[in-house]
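# A closer look at the structure
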Protein chains: 2
Amino acid sequence: MITNRPLKIEAMGTYLPKMKTSSEIEAQFGIPQGWSEKYSGVQQRHHVTTESNGLMGAKAADSALKKAGLKLSDIDLLLCAGGTFDYPLPNQASIVKKEMKDGEKYEVPAIDLDATCLSFVAALDFASRMLGPQMQRILIVSTETASKGLNPSNWETTTLFGDGAAAAVVSYDPSGDSHVIHSLQKTYSKGVYEAMIRGGGNAYFFKDHPYDQELHSFHMAGKNLLRLAKKHVPKFLQEMYAEIPFSIEETDAIIPHQASKMGIHIFTSMYDFKPNQVKRSLERYGNCIAASIPLTLADCIASGEIKRGDTCLLSGTSAGFSIGGILIKY
Amino acid sequence: MITNRPLKIEAMGTYLPKMKTSSEIEAQFGIPQGWSEKYSGVQQRHHVTTESNGLMGAKAADSALKKAGLKLSDIDLLLCAGGTFDYPLPNQASIVKKEMKDGEKYEVPAIDLDATCLSFVAALDFASRMLGPQMQRILIVSTETASKGLNPSNWETTTLFGDGAAAAVVSYDPSGDSHVIHSLQKTYSKGVYEAMIRGGGNAYFFKDHPYDQELHSFHMAGKNLLRLAKKHVPKFLQEMYAEIPFSIEETDAIIPHQASKMGIHIFTSMYDFKPNQVKRSLERYGNCIAASIPLTLADCIASGEIKRGDTCLLSGTSAGFSIGGILIKY
């Protein structure tokens, strides 16, 4: 069912910590020079030095507000959409808000949404359903630190992931043409254990399970995930576009989650896309978990690659195992 | 602005692990007999033995579905609303779904919402805004394990917290009379550090900060939190009821978050409530974080204390520091 729910991305902001080239990463962890670009496709990414998720998110959020010409007091809800966090408690949104310029001044509710890598996509979907006369503006912030949970003996993840934050001010503007055309998410629970950090929650509690590189690092069964994606993504996107009056290949811009070089390759090779139709940031940012899609979107808006009136599909897979997509008219 | 957004709680389910009396806890941790009931107000609570958040949540969710006469395939969204988790990644909702009877069979999207202790309240609010012809039923699950993050040298928290899960099937039924009358949340960021678990996220990452009872346990600055509550709760509830055609004292049932004996006492002493108007479960369950409010609500519905047509306020404070409330007609 297509709805055309009004949602206007007023402005976006981003924050990236210090850049780290693949050559530096390779030298640091004894990985052969050139391995990262060849296998992960990542030339450079950014890793936190002193930054927290909270600080990065606050900087991206304040930047988005400034660009939109708005203050935090104009916002009805701060929604932090991501998979990593500074503290087990309180929620990340409270920490982001505290670090924002006017965070202590205004009493905007601060709530987290977690759909791992699809958190920004899910947040846009939730926002489009919640926006209305009573909730006119939502500030969505995806801020992720992936670099701390990496296992240096796993070259694939060590070279792949990056840190960063992106924020979007979205508003209810039924008089304009910006809207969500359609959105969909599905969780395929057979794949639940294919990507996870096992240690550090209640299942393997710190007290009983001291730090262990294997237990506390991010693991993904890359081949199984690609198999799940190959099996389910085409059917998912077919369902997604079933009632849309244009095809995925006729969508102006496609922003896939920057999961991996192979993941993006398999996805793009399923369709007959034009050059530059599928937007990438993997080479310069790596996989930044939930921040990847909004970082890519923000860059495309800033460069003019995505313009008002363009149709844009944000889609990807996430741990869980889920597939999600949102088709917007920017 | 009052909206009367349709939202019907079709059915609720709960799960509680093994009961633990205060006498047992006191014997276990060298706390004087009677201390818990006197100071925390908790006579008994339930603590997990082998259960995970996922298992407890799945049992509560399956029970709610069964009582509603529905299957997981009738649900449009599984929303896991809580502050604790089995794994840092993937999200808790994916784990709950995997553990449900038909979790692998259906592809219902599984997404987390975290507003710490107010997560169920926030989830009801989000649900009431999202429900409509396109999203007709949401399964909200609050499943919490508090017992693992307790510091036995802190008698206040050790005797106060309990584990458990509660789930609610909520539906869009514009023909009926069940609805959300009003809802509100505010985050007062000056209180952000008054309740937290510092260690175990990116800020104090396991690798650099081995398990330490102080660092990895839940801390609350009880007196500061009570001061914040005293200062802000009356104004918050005044704003909440500003346009409601009846007062908080005329609301049929009040379910405060079961934060602490003193917290509930201060709240109730602000108003002229009738006996049994304010519902309690602190004595039998302790503070179960986000599961406290729905556990209490489920019990009141089961016992007939809350009936169709009754007005009911769910409200409380949470780490962040936030105050939230939702006024429903059940």
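So, here's what we can say about the structure. (Residues numbered from 1 in each chain as written. Chains lettered and ligands numbered in written order. Predicted model: local features only at pLDDT ≥ 70, side-chain atom pairs only at ≥ 80, totals over all residues. Heavy atoms only, no water.)

### Section: unusual backbone geometry
- Omega for the peptide link from Leu 89 of chain A to Pro 90 of chain A comes to 5 degrees, which places this bond in the cis form.
- Mapped onto the elements of the fold, Pro 90 of chain A is located in the loop between strand E5 (77–81) and helix H4 (92–99).
- Positive phi, close to 70 degrees, is recorded for Asn 276 of chain A, a residue that is not glycine.
- Along the chain, Asn 276 of chain A turns up in the loop between helix H8 (261–269) and helix H9 (282–285).
- At Thr 116 of chain B, a residue that is not glycine, the phi angle is positive and equals roughly 40 degrees.
- By secondary structure assignment, the location of Thr 116 of chain B is in the loop between strand E6 (110–114) and helix H5 (119–130). (Helix = DSSP H or I, 4+ residues; strand = E, 2+ residues; numbered from the N terminus.)

### Focus: the relation of the copies chain B and chain A
- When chain B is fitted to chain A, the residual RMSD is 0.0 Å, and the transformation amounts to a turn of 180 degrees plus an axial shift of 0.0 Å. The relationship between the two copies is best expressed as a two-fold rotation axis. If distances are taken from each C-alpha of chain B to the rotation axis, the shortest is found for Leu 113 of chain B, at 2.3 Å.
- Of all interface residues in chain B, 100% are interface residues in chain A too; the two copies therefore contact each other through one and the same surface. (Least-squares fit on C-alpha atoms with pLDDT ≥ 70 in both. Contact = heavy atoms within 4.5 Å.)

### Looking at the packing of aromatic side chains
- Scanning the model with the defined rule gives 21 aromatic pairs over all chains in all.
- Aromatic side chains Trp 35 of chain A and Tyr 39 of chain A sit 4.9 Å apart centroid to centroid with 35 degrees between the ring planes, which places their arrangement in the tilted category. With a gap of four residues between them, Trp 35 of chain A and Tyr 39 of chain A both fall in helix H2 (residues 35–40), about one helical turn apart.
- Note on Trp 35 of chain A: relative accessible area 18%, which makes it buried.
- The class for Tyr 39 of chain A is partly exposed, based on a relative accessible area of 48%.
- Their ring planes at 80 degrees and their centres at 5.7 Å tell us that Trp 35 of chain A and Trp 155 of chain A sit as a pair that is edge-to-face. Separated by 120 residues along the polypeptide, Trp 35 of chain A in helix H2 and Trp 155 of chain A in helix H6 (residues 155–160) bring together distant segments of the chain.
- Of the aromatic side chains, those joined through ring pairs into one cluster are Phe 205 and Phe 206 of chain A together with Phe 205 and Phe 206 of chain B.
- Between the NZ or CZ atom of Arg 284 of chain A and the centre of the ring of Tyr 285 of chain A, over which it lies, the distance is 5.0 Å. (Phe/Tyr/Trp six-rings, centres within 6.5 Å; stacked < 30°, edge-to-face > 60°. Buried < 20%, exposed > 50% of the residue type's maximum accessible area, 1.4 Å probe, protein only. Lys NZ or Arg CZ within 6 Å of the ring centre and 35° of its normal.)

### Side note on the state of the cysteines
All names here are of chain A.
- Following the criterion strictly, the structure yields zero disulfides over all chains and no others.
- Free cysteine: Cys 117, not disulfide-bonded; nearest cysteine sulfur from Cys 288 at 10 Å.
- Using a relative accessible area of 14% as the deciding quantity, one classes Cys 117 as buried. (Disulfide = S-S within 2.5 Å.)

### With respect to the sheet that holds strand E2 (residues 8–15) of chain B
- Strand order across the open sheet formed by ten strands is E2(A)-E8(A)-E7(A)-E5(A)-E6(A)-E6(B)-E5(B)-E7(B)-E8(B)-E2(B), with mixed pairing between neighbours. Every other strand in the sheet has two partners, leaving strand E2 (8–15) of chain A together with E2 of chain B as the edge strands with one partner each. Taking each pair of neighbouring strands and ignoring which way they run, the sheet shows an average axis angle of 20 degrees. (Pairing = 2+ DSSP bridges. Axes fitted to C-alpha atoms, helices over the stretch in contact; angles between N-to-C directions.)

### Focus on H5 of chain B
Residue and element names in this part refer to chain B.
- In a regular helix each residue adds 1.5 Å, so twelve residues correspond to 16 Å; H5 covers 16 Å between its end C-alpha atoms and thus fits that length.
- Among the twelve residues that make up H5, twelve are buried, leaving the element largely enclosed by the rest of the structure.
- Regarding H5, the residues found buried are Ser 119, Phe 120, Val 121, Ala 122, Ala 123, Leu 124, Asp 125, Phe 126, Ala 127, Ser 128, Arg 129 and Met 130. (Expected span 1.5 Å × (residues − 1).)

### Concerning the packing of helix H3 (residues 53–68) of chain B against helix H4 (residues 92–99) of chain B
Residue and element names in this part refer to chain B.
- Packing of H3 against H4 leaves a shortest axis separation of 8 Å and a crossing angle of 60 degrees. Between H3 and H4, the crossing angle belongs to the class labelled oblique. In the crossing of H3 with H4, the sense of the turn from one axis to the other is right-handed. Residue-level contacts link Asn 53, Gly 54, Leu 55, Gly 57 and Ala 58 of H3 to Gln 92, Ile 95, Val 96 and Glu 99 of H4.
- Partitioned by chemical class, the residues of the contact of H3 with H4 number four nonpolar, four polar and one charged. (Parallel < 35°, antiparallel > 145°, perpendicular 65-115°, else oblique. Left-handed = near helix turned anticlockwise from the far one by under 90°. Nonpolar A, V, L, I, M, F, W, Y, C, P; charged D, E, K, R; others polar.)

### Quick word on the interface of chain B and chain A
- The partner chain A presents 72 residues to the 72 residues of chain B that form the contact.
- Interface area for chain B against chain A, summed over the two sides, is near 6500 Å², with a carbon-plus-sulfur share of 62%.
- Interface area lost by chain B to chain A is led by Leu 89, Gln 134 and Asn 202 of chain B, which between them contribute 12%.
- If you look at where chain B meets chain A, you find two salt bridges.
- Here Glu 107 of chain B ties to Lys 186 of chain A by a salt bridge, and the two come within 3.7 Å at their closest N and O atoms.
- Our enumeration of links across chain B and chain A arrives at 28 residue pairs in polar contact (both at pLDDT 80 or more). (Buried area = accessible area lost by both parts, 1.4 Å probe. Salt bridge = Lys/Arg side-chain N within 4 Å of Asp/Glu carboxyl O. Polar contact = N/O pair within 3.5 Å; in protein donor to acceptor, adjacent residues only side chain to side chain.)

### Quick look at the pairing of strand E14 (residues 322–329) of chain A
All names here are of chain A.
- Where burial is concerned, most of E14 is hidden: seven out of the eight residues are buried.
- Inspection of the sheet shows strand E9 (residues 179–187) paired to E14 by eight bridges, in the antiparallel sense. Within E14, the position partnered with His 182 by the bridge is Leu 327.
- In the sheet, strand E13 (residues 311–318) pairs with E14 via eight bridges, with the strands oriented antiparallel. What sits directly across from Leu 314, in E14, is Ile 326.
- With antiparallel pairing between neighbouring strands as the criterion, E13 and E14 make up a hairpin whose turn holds three residues, including Gly 320 at a positive phi of roughly 150 degrees.

### Thoughts on empty space enclosed by the protein
- On inspection of all chains with the given rule, the structure shows two cavities of 30 Å³ or more.
- Within this model, the largest cavity holds a volume of roughly 350 Å³.
- Lining of the largest cavity is provided by 28 residues; of these, Phe 85, Asp 112 and Asp 114 of chain A together with Phe 85 and Asp 114 of chain B occupy positions nearest its centre.
- Those elements giving two or more residues to the lining of the largest cavity turn out to be E5 and strand E6 (110–114) of chain A together with E6 of chain B.
- Looking at side-chain class alone, the lining of the largest cavity contains 13 nonpolar, eleven polar and four charged residues.
- Roughly 60 Å³ of volume is contained in the second largest cavity. (1 Å grid on protein atoms, 1.4 Å probe; cavity = no way out; pocket = protein on both sides within 12 Å on 5 of 7 lines; lining within 4 Å. Points joined across faces, edges and corners; volume = space filled by probe spheres on them.)

### Side note on the pattern of salt bridges
- Under the counting rule described, the total for this entry stands at 22 salt bridges over all chains.
- The partner of Arg 5 of chain B in a salt bridge is Asp 125 of chain B, and the shortest N-O contact between them spans 3.2 Å. One end of the pair, Arg 5 of chain B, is in strand E1 (residues 5–6); the other, Asp 125 of chain B, is in helix H5, and 120 residues separate them in sequence. In terms of burial, Arg 5 of chain B and Asp 125 of chain B fall into one category: buried.
- Here the salt bridges do not stand alone but share partners, grouping Arg 5, Asp 125 and Arg 129 of chain A into one network.

All we've got here are geometric facts, nothing functional implied.
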